[in-house]
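Spelled out, the chains give:
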Amino acid sequence: MPVSQHSSAPVSPFRTCALGACLLTGLLAAAVPAQAEEAAGNVRWVSDSLTTYVRSGPTDGYRIVGTLGSGQKVELLGTKGDYSQVRSESGSTVWIPSRDLQEMPGQAERLPDLEKKVSELSAELEGINDTWKTRVQGMQETLDSRKTLIDELQAARTSLDSELTQVRAELRDARAQLGDENKQVLMRYMVYGGSIAGAGLLVGLILPTLLRVKRKRNDQWI
């Protein structure tokens, strides 16, 4: 009996897909022992691969009395040679080749449980995917805010560098201007000092002459 395929939407993060595959494998692996334990005892299922003819006795020489469909549940009553005696759900007792029996439910009976587990796993994967999307979005917002802050700091640094260059240029101009003013003041001091020295020299030369002339005049009057 063909098993319908159940697909889920792909999950974007690679790690999420890997985790989902691991979980699905674990669930399927766990399902087999559980079903095998449930099938313990005399419960058997007709093989999924075919519809099996059943006979009235434990050899091929007995007449065919009907068929059992693939995956049908039966009760094992006994085994003789290559045949097993089973009781169907309708209550009839027949013989079936032992190779056509299996100890776990058929695919038709297992499919709903598998589909339910796949659905649950898909929902879990969707939740993981949403969580990862939220985390990635949060990290992206953090990166964007940090990039904005870095851009602002870079712009502030550029502005400060420009202001520093301008201040240094103004400082050089001020120093040059101060040097010129110092030279002018020094020249003024030198001129002023020279003037005073010249005046003193003139006074020193003229004053004795005037005194001598005055004395001569006084002597003449006497």
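Residues numbered from 1 in each chain as written. Predicted model: local features only at pLDDT ≥ 70, side-chain atom pairs only at ≥ 80, totals over all residues. Heavy atoms only, no water.

So, about the packing of aromatic side chains. Tallied over the full model, the rule gives zero aromatic pairs. Note that Arg135 overlies the ring of Trp132, its terminal NZ or CZ placed 5.0 Å from the centroid. (Phe/Tyr/Trp six-rings, centres within 6.5 Å; stacked < 30°, edge-to-face > 60°. Lys NZ or Arg CZ within 6 Å of the ring centre and 35° of its normal.)

This part is about the pattern of salt bridges. Counted by the stated rule, this structure contains three salt bridges. Taking the shortest distance from any N to any O, the salt bridge between Asp161 and Arg157 comes out at 4.0 Å. Here Asp161 and its partner Arg157 are both found in helix α2 (residues 107–221), four residues apart, which amounts to about one turn of the helix. Arg157 sits in the exposed class, given a relative accessible area of 54%. (Salt bridge = Lys/Arg side-chain N within 4 Å of Asp/Glu carboxyl O. Helix = DSSP H or I, 4+ residues; strand = E, 2+ residues; numbered from the N terminus. Buried < 20%, exposed > 50% of the residue type's maximum accessible area, 1.4 Å probe, protein only.)

Let us look at the nonpolar core. Counting residues in hydrophobic clusters, the biggest one holds eight residues: Val54, Leu68, Val74, Leu76, Val86, Val94, Ile96 and Leu101. When residues of this core are traced back to their parent elements, those giving at least two are β4 (73–80) and β6 (93–97). (Core = buried A, V, L, I, M, F, W, Y, C linked by side-chain atoms within 4.5 Å.)

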